[in-house]
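Residue strings, one per chain:
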Amino acid sequence: MLGASKWGLMVNPVAGDCSLSSDVKLIIRSDDADGSTTFTDSSAGGHSISRVNVAHETDQAKIGGSSILTTAVGDELSVANHSDFDIDKGDAFTMEAWVYVPSGNAAYRYIFSKGGGAPGFVMQIGSDEKVYCQIGTTGSGGQRVLFGGISISTDQWVHIAWTYDGITHTRSGMKVFIGGVDTADVDGGDNTWGTSSSNSSALKICRTDSGSSSALYIDQPMFTRAVRYTTGFTPSTGLCYE
C-alpha cells in the first residue's frame, strides 16, 4: 500500500498495487464500452473532464477493457484550472500514464500539459518518439528542461512517469522513468528552479498538437502531489482503486 504524504514522498508502490491516497489529484480510468465518451476523475478531487473528439477504444487496452484514444490534431481531454495542478518551487509531484504509440505517427502528443511556456509544464512524446518533460517557471532561474533521454518503442504499451521531489531545486530533483527504468537526464535548459509554474490555463490530457497522423492510446493517466517512485520499479497493470 502507498504511504500518504503532504505533497512529499511516498514509498515505491509494490508491483501490481495501485491504491490511491489523498495525494492523487486526478486519475482517469478506462474500462468502458467501445466509443464511450464519458470520462470520470476517480480521485477524491472528482474534477469534471471535458473532451474534444476523444473516446474510449477497445482495440487497444493495457488496464481493464479499453483505453483512451486521440486521433487528430486538437483532440484532448481537459480539466479547468485548479490549485490541485499548480506547481510551485516546493511542490513534489508525479505525472504518469501507460501509452501506446502506433508506428508512423510523426506528431507531438502531450500526455499532460498546463500552459506549456513559462510559467507552465509539459509532459510529451515528440515526433522523434522521445519523451520530453519541461517546466517553465517565473522568477530567477527561468526555464528548466528534462529529457527522458531514450526513445520509446512504438506499437506496444509503455509506462512513463515523471517525478519532482520538491526539495532539490535543480534538475537533479527530477526523474523520468520509462517502463519503470530511471532514464538519463539530458541537459536541455536552465538548471535552477525559478519561483512557480502556476498559471490560469486548463490542464490538458492526451492532446495532439501537430502531425497529419497522430493517433495515441493512453491508459490510466494519473497526477499525484507526491513522489511515487524514487528508484526503478515494476509498473502496476491493475486498475487503481480507493
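Since this is a predicted model, take the numbers as computed values, not measurements.

Draft legend 1. Seen up close, the overall build of the chain. Regarding its fold elements, the chain presents 0 helices and 16 strands. Looking at the chain residue by residue over its 242 residues, the buried ones come to 52%. In the chain, the share of contacts with a sequence separation of at least 24, taken over all contacts with a separation of at least 6, comes to 70%. In the form shown here, the chain has an accessible surface area of approximately 9000 Å², with 48% of it arising from carbon and sulfur atoms.

Draft legend 2. How the structure looks around the packing of aromatic side chains. Enumeration over the complete set of coordinates arrives at 10 aromatic pairs. Aromatic side chains Phe93 and Tyr164 sit 5.9 Å apart centroid to centroid with 40 degrees between the ring planes, which places their arrangement in the tilted category. One end of the pair, Phe93, is in strand β6 (residues 93–100); the other, Tyr164, is in strand β11 (residues 157–164), and 71 residues separate them in sequence. A residue is classified by how much of its surface remains accessible, and Phe93, at 0% relative accessible area, is buried.

Draft legend 3. The pattern of salt bridges, seen in detail. Counted according to the given criterion, the structure contains 7 salt bridges. Here Lys175 ties to Asp182 by a salt bridge, and the two come within 3.0 Å at their closest N and O atoms. Overall, the relative accessible area of 28% leaves Lys175 in the partly exposed class. Through salt bridges with shared partners, one network takes in Glu76, Lys204 and Arg207.

Draft legend 4. Looking closely at the nonpolar core. Counting 37 residues, the largest nonpolar core has Phe112, Ile160 and Trp162 as the members making the most contacts within it. If we skip the residues at most four places from it in the chain, Phe112 touches Leu26, Met95, Glu96, Phe121, Val122, Met123, Leu203, Lys204, Ile205, Pro221, Met222 and Phe223.

Draft legend 5. Quick peek at unusual backbone geometry. Positive phi values are uncommon outside glycine, yet Asn53 reaches one of about 55 degrees. Mapped onto the fold, Asn53 is located in the loop between β2 (50–52) and β3 (55–57). The class of Asn53 is exposed, set by a relative accessible area of 55%. At Gln220, a position not held by glycine, the phi torsion is positive, near 50 degrees. Structurally, the position occupied by Gln220 is in strand β16 (residues 216–224).

Draft legend 6. Quick look at the environment of Val227. Assignment of secondary structure puts Val227 in the segment after β16. You can call Val227 buried: its relative accessible area is 5%. Considering only alpha carbons, one finds Val227 and Asp23, 204 residues apart in sequence, at a separation of 9.5 Å.

Draft legend 7. Quick peek at the pairing of strand β7 (residues 108–114). Judged by how many residues are buried, β7 sits mostly within the fold: 6 of 7 residues are covered. Taken together, the 5 bridges between β7 and strand β8 (residues 120–125) define a ladder with antiparallel strand orientation. Note that in β8 the partner of Phe112 across the bridge is Met123.

Draft legend 8. Local environment of the confidence of the model for the chain. Residues at a pLDDT of 70 or more form 78% of the chain, whose mean pLDDT is 81. The model gives residues 1–9 a pLDDT under 50, and that stretch makes 30 contacts with residues more than four places away or in other chains. Here residues 11–16 is modelled with pLDDT under 50, and outside its nearest four sequence neighbours on either side it reaches 15 contacts, counting other chains as well.

Rules behind the numbers
- Residues numbered from 1 in each chain as written.
- Predicted model: local features only at pLDDT ≥ 70, side-chain atom pairs only at ≥ 80, totals over all residues.
- Heavy atoms only, no water.
- Helix = DSSP H or I, 4+ residues; strand = E, 2+ residues; numbered from the N terminus.
- Buried < 20%, exposed > 50% of the residue type's maximum accessible area, 1.4 Å probe, protein only.
- Contact = heavy atoms within 4.5 Å.
- Areas by Shrake-Rupley, 256 points an atom, 1.4 Å probe, with all protein chains shown as cover.
- Phe/Tyr/Trp six-rings, centres within 6.5 Å; stacked < 30°, edge-to-face > 60°.
- Salt bridge = Lys/Arg side-chain N within 4 Å of Asp/Glu carboxyl O.
- Core = buried A, V, L, I, M, F, W, Y, C linked by side-chain atoms within 4.5 Å.
- Pairing = 2+ DSSP bridges.
- pLDDT = per-residue confidence, 0-100.

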